[in-house]
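Each chain is listed here by its residues.
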Amino acid sequence: MNENLTYHRTGDFLLPDLVPPEAPNIGVWGLRRKNYLLKSKDGIYTGLLLSGELNTHLEETDRAANEMLSRIIEGMARRKGVTEALKAEDQMEWVRRMNAIRSAAEEVVLHDLIYA
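Bear in mind that the values here come from a model prediction, so they are computed numbers and not experimental data.

The rules behind the values
- Counting of residues starts from 1 at the beginning of each chain's written sequence and follows it residue by residue.
- Restriction of local features to residues with pLDDT of at least 70 applies here, the model being predicted, together with a cutoff of 80 or more for giving and counting side-chain atom pairs; totals for whole chains, interfaces and linings are based on all residues.
- For side-chain calculations, the full set of non-hydrogen atoms in the structure is used, while hydrogens and water are omitted.
- When DSSP finds two or more bridges between a pair of strands, those strands are recorded as paired.
- Working definition: helices are DSSP H or I runs of at least four residues, strands are E runs of at least two. Numbering for both runs from the N terminus.
- Remark: nonpolar core denotes a set of buried residues (Ala, Val, Leu, Ile, Met, Phe, Trp, Tyr, Cys) joined through side-chain atoms within 4.5 Å.
- Working definition: with a 1.4 Å probe on protein chains only, accessible area under 20% of the residue-type maximum means buried, over 50% means exposed, and in between means partly exposed.
- Residue contacts are defined here by distance: any two heavy atoms, one from each residue, within 4.5 Å place the two residues in contact.
- The salt bridge definition used is simple: a Lys or Arg side-chain nitrogen within 4 Å of an Asp or Glu carboxyl oxygen.

A. View of the pairing of strand 1 (residues 7–10). Here strand 1 pairs with strand 2 (residues 13–16) via four bridges, running antiparallel. When the sheet's bridge partners are listed, His-8 is paired in strand 2 with Leu-15. The hairpin turn running from strand 1 into strand 2, its antiparallel successor, is two residues long, and Gly-11 in that turn takes a positive phi close to 65°.

Okay, here's the thing in structure tokens:
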């Protein structure tokens, strides 16, 4: 018997009192990382799962990916001249440029963080 677990008797058997882990706070980037690990890095996924560090890893990856995405979008928008003035003058052009910037930034996050 494990000393860290408590047990209860059911008939002739001792059954462990299992408490499910707290639900993780994993966003889209964490889920993408999880899917990548499952499909391409099964050993890493299994190691993280068995050590109990999978959810922590996915939460940290999700947080880091969101921060990275924000920094990249801000930098690219500044370099390409996508400003609030452009938004006021020509909203459709601003949306088009921001969508292109966001798409490029997401590719960078996928390549440099999620699939790394």
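Picking up where we left off.
B. How the structure looks around the nonpolar core. Ranked by internal contacts, the top residues of the largest apolar core, which has 17 residues, are Trp-29, Val-82, Met-98, Ile-101 and Val-109. Every element with two or more residues in this core is listed here: helix 3 (54–79) and helix 5 (91–114). Those residues within four positions of Met-98 in sequence are excluded, and the remaining contacts are Ile-73, Ala-77 and Val-82. Ranked by size, the runner-up nonpolar core spans six residues in total, among them Tyr-45, Leu-48, Leu-54 and Leu-58.

C. Structural view of the pattern of salt bridges. Per the stated rule, a full pass over the model turns up four salt bridges. Ionic pairing is found between Arg-96 and Glu-93, a salt bridge with its closest N-O pair at 2.5 Å. Separated by three residues within a single helix, Arg-96 and Glu-93 lie in helix 5, roughly one turn from each other. Glu-106 is the salt-bridge partner of Arg-102, the closest N and O atoms lying 3.4 Å from each other. Of the two residues, Arg-102 and Glu-106 both sit in helix 5, four residues apart, roughly one turn of that helix.

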